[in-house]
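# Descriptive analysis of the structure
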Amino acid sequence: MKTIITTSRLVLREMTQKDYPALSLILQDTQTMYAYEGAFNNIETQEWLDKMLARYKTDGFGLWAVILKNTKEMIGQTGLTYQSVYDDKVLEIGYLFNRKYWGNGYATEAAIACKEYAFGKLNASEVYSIIRDTNVASMNVAIRNGMLIRTRFIKHYRNMDMPHFAFSVRNKQ
Ligand SMILES: CC(C)(COP(=O)(O)OP(=O)(O)OC[C@H]1O[C@@H](n2cnc3c(N)ncnc32)[C@H](O)[C@@H]1OP(=O)(O)O)[C@@H](O)C(=O)NCCC(=O)NCCS
């Protein structure tokens, strides 16, 4: 398994098919997926995983599995993907965690590490987090990651128009 980033409490590594059960606990939980307009079914979960495995090959990154060092359990996903803001292609830090592990600072720890990876290893000048306008917990992670709101736009997802904020932080180096 390919380890990408290590932090004090976490390891971020590429997902594999073996992560499907842990991924289902995240993507098939209604409360976790409220900002995505509801839980995924088995087919949607497999499609999500397939998309990440393809992104590792085409882009060299994607959403990675977040492993708790103490227990070796996969507790979430955090990573980098290309997304669109209007007509711009931007590098985005995304994060989704198993509800059992919310409220421990793990998402912020992983998101900060991804920002440092984007600036340090990918030479990115700016990274975004694109967040539905109702998703306060996610906005707080972006704020703790040093981001500011740059624009509000409508994202079309699951046949719905959803207002989103584009948060970003710029590399000052
Ligand atoms: C977005 C999401 C990842 C945020 O998770 P989270 O657990 O709230 O965020 P963090 O990991 O940064 O944890 C922060 C909390 O941990 C607390 N905390 C406890 N111990 C901590 C520690 N050692 N270090 C830092 N924070 C700690 C903080 O005080 C904070 O609590 P508060 O929100 O009550 O102030 C989570 O809500 C989620 O998975 N949502 C569903 C998926 C989703 O919508 N993803 C975003 C799509 S844009």
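For the structure itself, look to the data block above.
In short, a report on the structure.

### Thoughts on the nonpolar core
Of all hydrophobic cores here, the largest spans 51 residues; its most connected members are Trp-64, Leu-80 and Val-127. In this structure, Val-127 is in contact with Leu-80, Leu-91, Ile-93, Lys-115, Ala-118, Phe-119, Met-147, Phe-167, Ser-168 and Val-169, ignoring residues within four places of it in sequence.

### Here's the deal with the packing of helix α1 (residues 20–27) against helix α2 (residues 42–58)
For the pair α1 and α2, interaxial distance at closest approach is 10 Å and the crossing angle is 115°. Between α1 and α2 the crossing geometry is right-handed. On α2, the residues that touch Tyr-20, Leu-23, Ser-24 and Leu-27 of α1 are Asn-42, Thr-45, Gln-46, Trp-48 and Leu-49. Counted by class, the contact of α1 with α2 contains five nonpolar, four polar and no charged residues.

### What to know about the environment of Gln-31
With respect to the secondary-structure elements, Gln-31 resides in the loop between α1 and α2. Taking the C-alpha atoms as reference points, Gln-31 and Asn-159, 128 residues apart in sequence, are found 20 Å from one another. Beyond its immediate sequence surroundings of up to four residues, Gln-31 is in contact with Arg-99 and Trp-102.

### Section: the site of the ligand
Taken together, 20 residues form the shell around the ligand, and within it Tyr-95, Gly-103, Ala-107, Thr-108 and Asn-135 come nearest. Asn-104 has a polar backbone atom sitting 3.3 Å from an oxygen atom of the ligand. Here Thr-108 contributes a side-chain N or O atom positioned 2.4 Å from an oxygen atom of the ligand. In isolation the ligand offers 960 Å² of accessible surface; the protein chains occlude 67% of this area. Mapping the ligand onto the cavity grids shows that it belongs to the largest pocket. At the level of elements, β5 (88–97), α3 (106–120), β6 (126–132) and α4 (136–144) are the ones that each hand at least two residues to the shell around the ligand. Considering each element in turn, the shell around the ligand owes the most residues, four residues, to α4. Its residues placed into classes, the shell around the ligand shows eleven nonpolar, seven polar and two charged.

Conventions used here
Residues numbered from 1 in each chain as written. Predicted model: local features only at pLDDT ≥ 70, side-chain atom pairs only at ≥ 80, totals over all residues. Heavy atoms only, no water. Core = buried A, V, L, I, M, F, W, Y, C linked by side-chain atoms within 4.5 Å. Buried < 20%, exposed > 50% of the residue type's maximum accessible area, 1.4 Å probe, protein only. Contact = heavy atoms within 4.5 Å. Axes fitted to C-alpha atoms, helices over the stretch in contact; angles between N-to-C directions. Helix = DSSP H or I, 4+ residues; strand = E, 2+ residues; numbered from the N terminus. Left-handed = near helix turned anticlockwise from the far one by under 90°. Nonpolar A, V, L, I, M, F, W, Y, C, P; charged D, E, K, R; others polar. Near = heavy atom within 4 Å. Polar contact = N/O pair within 3.5 Å; in protein donor to acceptor, adjacent residues only side chain to side chain. Areas by Shrake-Rupley, 256 points an atom, 1.4 Å probe, with all protein chains shown as cover. 1 Å grid on protein atoms, 1.4 Å probe; cavity = no way out; pocket = protein on both sides within 12 Å on 5 of 7 lines; lining within 4 Å. Sits in = over half its atoms within 2 Å of the grid points.

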